[in-house]
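Commentary on secondary and tertiary structure
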Amino acid sequence: MFSKIDFLIFGWIIKLFYPQYYRPKYGYQRYYILFFHYIIPQFFFRLNPKVKWPVHFTSKVLAPKNIQKGILCDPGDNLNNYIQANNGIIFGNNIELGPGVSIISSNHNFENLREHIKSDPIVIGNNVWIGANTTVLPEVNIGDNVIIGANSVVTKDIPSNSIAVGNPCKVVKEKPAYTEDLSQIKFNRKLPKKYQEFLNTNV
């Protein structure tokens, strides 16, 4: 009952401020928490105001216009995330970032620290968990169904269906298939058709 009241009072505000927020309608994050802990800092105190999904007030998202993301994925919504997308970051669907995760798409030019080096975007696949205090460096590709252990530094590509840890991050074992039936989720808003194929592959 409380969840329904919460959605009725605050849910429409969340839809208005966060057009790219796609999460379960109930049972994920309380809408009043999103309002007080996310919307007010983002839009009233101007912390990450250009981002179209929730970003925690302790986190920073740079160049959000260069970020592509799917559903069940809100880069920067956890504590102390640093998302720098100067060269672009492509996030898939169903991605969770632990606290303290940094994803850095461009390095500084060694001869001129005011310039960033142009490079290919970072690409992160579907069904990926990146553990706390991990750093993902430029041009990295992380496949589907991957877990990156806490405190890792990802300097090279990580293949699909892997568990990888360390500095530098290396694959330590194969990961079983992702089994959650995401097609059963009732979302907080109508999903674009382009996401239906992803949901159906997890049945």
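These figures come from a predicted structure and were not determined experimentally.

**Side note on a nonpolar patch on the surface**
On the surface, a nonpolar cluster with roughly 470 Å² of combined accessible area is contributed by Met-1, Ile-5, Leu-8 and Ile-9. Residue placement: Leu-8 occurs in helix α1 (residues 2–17). Accessibility expressed as a relative area gives 65% for Leu-8, which makes it exposed.

**A closer look at the environment of Asn-80**
Structurally, Asn-80 can be placed in the loop between β2 (67–68) and β3 (82–84). In this structure, the C-alpha to C-alpha distance between Asn-80 and Gly-92, residues 12 residues apart in sequence, is 21 Å. With residues near it in sequence (within four places) discarded, Asn-80 still touches Thr-58, Ser-59, Gly-100 and Val-101.

**Observations regarding α1**
A turn of α-helix holds 3.6 residues, and therefore any two residues three or four places apart point the same way. Taking 1.5 Å per residue, 16 residues should reach 22 Å; α1 reaches 22 Å between its end C-alpha atoms and fits that length. Within α1, the axis deviates most sharply at Phe-10, by approximately 50°. Contact partners of the buried residues in α1: α2 (31–44).

**Here we look at the side chain of Asn-188**
With respect to the helices and strands, the residue Asn-188 is situated in the loop between β16 (170–174) and α3 (196–201). Setting aside its immediate chain neighbours within four residues, Asn-188 contacts Phe-7, Lys-15, Tyr-21, Tyr-22, Arg-23, Pro-24, Lys-25 and Tyr-31.

**What to know about unusual backbone geometry**
Omega for the peptide link from Asn-167 to Pro-168 comes to 0°, which places this bond in the cis form. Positionally, Pro-168 belongs in the loop between β15 (162–165) and β16. For Glu-139, which is not a glycine, the phi torsion comes out positive at approximately 70°. Residue placement: Glu-139 occurs in the loop between β11 (135–136) and β12 (141–142). The exposure class assigned to Glu-139 is partly exposed, which follows from its relative accessible area of 41%.

**Quick word on the packing of aromatic side chains**
Think of a pair of aromatic rings as described by two things: how far the centres are apart, and how the planes are tilted against each other in angle. Summed over all chains, the structure comprises 10 aromatic pairs. Ring geometry for Phe-2 against Tyr-32: centres 6.1 Å apart, planes inclined by 85°, an arrangement best described as edge-to-face. Note that Phe-2 is positioned in helix α1 and Tyr-32 in helix α2, a separation of 30 residues in sequence. Classification of Phe-2 by relative accessible area gives partly exposed; the value is 47%. The class for Tyr-32 is partly exposed, based on a relative accessible area of 31%. Through pairs of rings, three or more aromatic residues link up here, namely Phe-17, Tyr-18, Tyr-21 and Phe-43.

Procedures and definitions
Residues numbered from 1 in each chain as written. Predicted model: local features only at pLDDT ≥ 70, side-chain atom pairs only at ≥ 80, totals over all residues. Heavy atoms only, no water. Patch = residues over 30% accessible without salt bridge, like charges linked within 9 Å, V, L, I, M, F, W, Y side chains within 5 Å. Areas by Shrake-Rupley, 256 points an atom, 1.4 Å probe, with all protein chains shown as cover. Salt bridge = Lys/Arg side-chain N within 4 Å of Asp/Glu carboxyl O. Helix = DSSP H or I, 4+ residues; strand = E, 2+ residues; numbered from the N terminus. Buried < 20%, exposed > 50% of the residue type's maximum accessible area, 1.4 Å probe, protein only. Contact = heavy atoms within 4.5 Å. Expected span 1.5 Å × (residues − 1). Bend = angle between axes of the 7 residues up to and from the residue. Phe/Tyr/Trp six-rings, centres within 6.5 Å; stacked < 30°, edge-to-face > 60°.

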